[in-house]
Amino acid sequence: VVERGLVVERPVEGEPTLDALYDRYVFFGTPDRVTERLEALLRETGVTYMNCVMAVGGLSHDKVMRSMELFAQRVAPQFRDRVGTAATVVAEPAG
């Protein structure tokens, strides 16, 4: 809704709060913790594709790369046979 030239957020009835969305769909922690959370999401929703954003806030390039490596090596393989093919594509390092 726009009031006096400003957008005012008006959630739709039953719409989850930002905190609820964050708690349910933002995953961080150890590979085991992320795997557990993704497993629960898969059971609850039947999700077949997901989009990962690893570079958040002021995270250094090295930490972003390490997060991507851990996800590719220890989390994604747990779901290879159960989700869409786009989710299983892992880029190989240049070189």
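Residues numbered from 1 in each chain as written. Predicted model: local features only at pLDDT ≥ 70, side-chain atom pairs only at ≥ 80, totals over all residues. Heavy atoms only, no water.

### Notes on the packing of helix H1 (residues 18-25) against helix H2 (residues 31-45)
- The geometry of H1 relative to H2 is characterised by a closest axis approach of 10 Å and an angle of 110° between their N-to-C directions. Taken as axis vectors, H1 and H2 run roughly perpendicular relative to one another. Two secondary-structure elements touch here, H1 through Asp23, Arg24 and Tyr25 and H2 through Arg37, Leu41, Glu44 and Thr45.
- Looking at the contact of H1 with H2, its residues break down into two nonpolar, one polar and four charged. (Axes fitted to C-alpha atoms, helices over the stretch in contact; angles between N-to-C directions. Helix = DSSP H or I, 4+ residues; strand = E, 2+ residues; numbered from the N terminus. Parallel < 35°, antiparallel > 145°, perpendicular 65-115°, else oblique. Contact = heavy atoms within 4.5 Å. Nonpolar A, V, L, I, M, F, W, Y, C, P; charged D, E, K, R; others polar.)

### Describing helix H3 (residues 61-75)
- Over its 15 residues, H3 runs 20 Å from end to end, which matches the ideal 21 Å to within 8%, given 1.5 Å per residue.
- Summarising the contacts, the buried residues of H3 are in contact with H2. (Expected span 1.5 Å × (residues − 1).)

### Focus on the side chain of arginine 37
- Tracing the chain through its elements places arginine 37 in helix H2.
- No salt bridge is formed by the buried arginine 37, whose closest oppositely charged neighbour, aspartate 23, lies at an N-O distance of 6.7 Å.
- Residues contacting arginine 37, with those up to four places away along its chain left out, are Asp23, Arg24, Tyr25, Val26 and Phe27. (Buried < 20%, exposed > 50% of the residue type's maximum accessible area, 1.4 Å probe, protein only. Lys, Arg positive; Asp, Glu negative; His and termini not counted. Salt bridge = Lys/Arg side-chain N within 4 Å of Asp/Glu carboxyl O.)

### Topic: the packing of aromatic side chains
- Summed over the entire model, instances satisfying the criterion amount to one aromatic pair.
- On the basis of an interplanar angle of 40° and a centroid distance of 6.5 Å, the ring pair of tyrosine 22 and phenylalanine 28 is categorised as tilted.
- On the basis of relative accessible area, phenylalanine 28 is assigned to the exposed category, the value being 56%. (Phe/Tyr/Trp six-rings, centres within 6.5 Å; stacked < 30°, edge-to-face > 60°.)

### Quick look at unusual backbone geometry
- Of note in this structure, arginine 4 is not a glycine but carries a positive phi near 50°.
- Mapped onto the fold, arginine 4 is located in the loop between strand E1 (2-3) and strand E2 (6-7).

### Observations regarding a nonpolar patch on the surface
- A surface patch of nonpolar side chains, amounting to about 300 Å² of accessible area, comprises Leu18, Leu21 and Tyr25.
- Locating leucine 18 in the fold gives a position in helix H1. (Patch = residues over 30% accessible without salt bridge, like charges linked within 9 Å, V, L, I, M, F, W, Y side chains within 5 Å. Areas by Shrake-Rupley, 256 points an atom, 1.4 Å probe, with all protein chains shown as cover.)

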